[in-house]
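Coordinate inspection notes
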Amino acid sequence: MSDIKNEFDSLLAFLEKGEDFDLPSYKELPSVELYMEQVLKYVNTLLADLNKDEGKPLTSFMVNNYVKAKMISEPVKKKYSKDQIGYLIAISMMKSAISMADIAVLLEFENRVSTDKDKLYTFWSDLEESILSSKSEEVAQKVAKIKALYDKDHPKNPDRADAVALDQLAYVALRLSIEAQANKVLSTAIISSLRDVLHGETAKTEAIPSKSEIKQSDIASEKEAERVAKNTKRARKEAKKKKPTSKKVDK
C-alpha cells in the first residue's frame, strides 16, 4: 500500500493545479496551422495536468470523428487552424461529462453567444477556468482538513489515523461522483429538450448511442458521428429557413 502522507501531498498538488489552471487565450493559440500529430501533442500537453491517471484526452481517431460529425470543420491540406484547435480543446474537456452527440447540440447554439471565434472561445474558457478553479479550491479545503486531522492523530494511533483518512477521502470522492452523476442527468435532460426543439421528431426516432455504448467499439463511435453530422446538417438548414430576411423600407 502506498504511503498515505505521500498521497495527500500528491492529491493536494493536483488540486492546486486545478485551482491555478489557465487555458491559453485565443491570441495564445498556435498562430500557424498544425498537422494532426502536432495538434495532438499540443492539446494533450496542455491538458496533461488535468489527467492524473487518465489516458490521452485527444487521439487522431477522436479528431477524425469530430470532423466526420461536423463538430469541427475539415482540415485544409491536413492542417488544423487556430479556430479548430480551440474547438478541440473545448471538446476534449467536455467529452468526459457528456456525449459527442450532446456536445454537438450545444455547439448549435454557439452563434447565439458570438459569431466571433475569439469572443466565443473566451466565453467558454473563462467559464471553464472559473468553475474548475472554484471546485478545485472547495475540494482542496476538504482534503487539507482531512490531512490536518491525519497529521495530528497519526503519531498516537497510526492504524486508526490511516483508516479514518481513507474513509474520509472515500466519502469526498463518493459525494463528487454523485454530484457528477446528478449534473450529468440534469444536463442530459436539458440537452434532450434542446435537441427535440431543434430536430423535432427526428431526434426521437433516430437512436444515438450513449457515451458508454460509444466506448464499446470504434464502429459505434463512427455511427454516432454520422448521425450527429446528419442532425447538425438538418438543423442548420432549418435555421436558415427560419432566419428572417432583411427587407428594404421605402422612405
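It should be noted that the structure appears before, not after, this text.
The text that follows walks through the structure, step by step, so that each part is easy to find. (Residues numbered from 1 in each chain as written. Predicted model: local features only at pLDDT ≥ 70, side-chain atom pairs only at ≥ 80, totals over all residues. Heavy atoms only, no water.)

We now examine the nonpolar core. Looking at soluble globular proteins, one finds that nonpolar side chains tend to be buried together. Ranked by internal contacts, the top residues of the largest apolar core, which has 36 residues, are Val63, Ile72 and Ile89. The set of elements that each furnish at least two residues to this core consists of helix H2 (36–46), helix H3 (60–68), helix H4 (82–94), helix H5 (100–107) and helix H7 (117–153). The dominant element in this core, judged by the number of residues it contributes, is H4, at seven residues. Each residue touching isoleucine 89, except ones within four places of it in the same chain, is listed here: Leu23, Leu29, Tyr42, Val43, Leu46, Leu47, Tyr121 and Trp124. The next biggest cluster of nonpolar side chains, apart from the first, holds eleven residues, and it includes Ile146, Tyr150, Ala161 and Val172. (Core = buried A, V, L, I, M, F, W, Y, C linked by side-chain atoms within 4.5 Å. Buried < 20%, exposed > 50% of the residue type's maximum accessible area, 1.4 Å probe, protein only. Helix = DSSP H or I, 4+ residues; strand = E, 2+ residues; numbered from the N terminus. Contact = heavy atoms within 4.5 Å.)

The subject of this paragraph is H3. Turning to H3, its buried residues number three or more, namely Val63, Asn65, Tyr66 and Val67. Taken from the residues just after H3, lysine 70 is the one with a positive phi, measuring 65°.

Considering the arrangement of structural elements, one finds glutamate 129 in helix H7. This buried residue, glutamate 129, is left without a salt bridge; lysine 82 holds the nearest opposite charge, at 15 Å. A polar contact of 2.6 Å, which involves the side chain of glutamate 129, links it to the backbone nitrogen of leucine 23. Setting aside its immediate chain neighbours within four residues, glutamate 129 contacts Phe21, Asp22 and Leu23. (Lys, Arg positive; Asp, Glu negative; His and termini not counted. Salt bridge = Lys/Arg side-chain N within 4 Å of Asp/Glu carboxyl O. Polar contact = N/O pair within 3.5 Å; in protein donor to acceptor, adjacent residues only side chain to side chain.)

A few words now on the packing of aromatic side chains. Counted according to the given criterion, the structure contains three aromatic pairs. On the basis of an interplanar angle of 45° and a centroid distance of 5.6 Å, the ring pair of phenylalanine 8 and tyrosine 150 is categorised as tilted. Residue phenylalanine 8 is found in helix H1 (residues 4–20), and its partner tyrosine 150 is found in helix H7; the two are separated by 142 residues along the sequence. Overall, the relative accessible area of 1% leaves phenylalanine 8 in the buried class. Tyrosine 150 gets classed as buried once you look at its relative accessible area, which sits at 6%. A centroid spacing of 6.0 Å and a plane angle of 50° characterise the contact between tyrosine 121 and tryptophan 124, whose relative ring orientation is tilted. Placement of both tyrosine 121 and tryptophan 124 in helix H7 is noted, with a separation of three residues, approximately one turn of the helix. Pair check on accessibility: tyrosine 121 and tryptophan 124 agree, each one buried. (Phe/Tyr/Trp six-rings, centres within 6.5 Å; stacked < 30°, edge-to-face > 60°.)

What follows concerns a nonpolar patch on the surface. On the surface, a cluster of nonpolar side chains totalling about 380 Å² of accessible area is made up of Val113, Phe123, Leu127 and Ile131. The dominant element in the nonpolar patch, judged by the number of residues it contributes, is H7, at three residues. Secondary-structure assignment places leucine 127 in helix H7. (Patch = residues over 30% accessible without salt bridge, like charges linked within 9 Å, V, L, I, M, F, W, Y side chains within 5 Å. Areas by Shrake-Rupley, 256 points an atom, 1.4 Å probe, with all protein chains shown as cover.)

Before going further, it helps to spend a moment on the pattern of salt bridges. Within this structure, the stated rule accounts for nine salt bridges. With a shortest N-O distance of 2.5 Å, aspartate 102 and arginine 195 are connected by a salt bridge. Linking aspartate 102 in helix H5 with arginine 195 in helix H8 (residues 158–199), this pair joins segments that are 93 residues apart in sequence. Note that glutamate 138 and lysine 142 form a salt bridge whose closest N and O atoms lie 3.6 Å from each other. You can see glutamate 138 and its partner lysine 142 sitting in helix H7, four residues apart, about one turn around the helix. Among the ionic contacts, a cluster of salt bridges with common partners joins Lys135, Glu138, Lys142, Arg175 and Glu179.

This paragraph deals with H8. Residues spaced three or four apart along an α-helix face the same direction, because each turn holds 3.6 residues. For H8, with 42 residues, the first-to-last C-alpha span of 60 Å sits near the 62 Å given by 1.5 Å per residue. Here H8 has its buried residues at Ala161, Ala165, Val172, Ile191, Arg195 and His199. Where H8 ends, the next residue or the one after it, glycine 200, has phi of about 60°, a positive value. (Expected span 1.5 Å × (residues − 1).)

The analysis is restricted to geometry; functional conclusions fall outside its scope.
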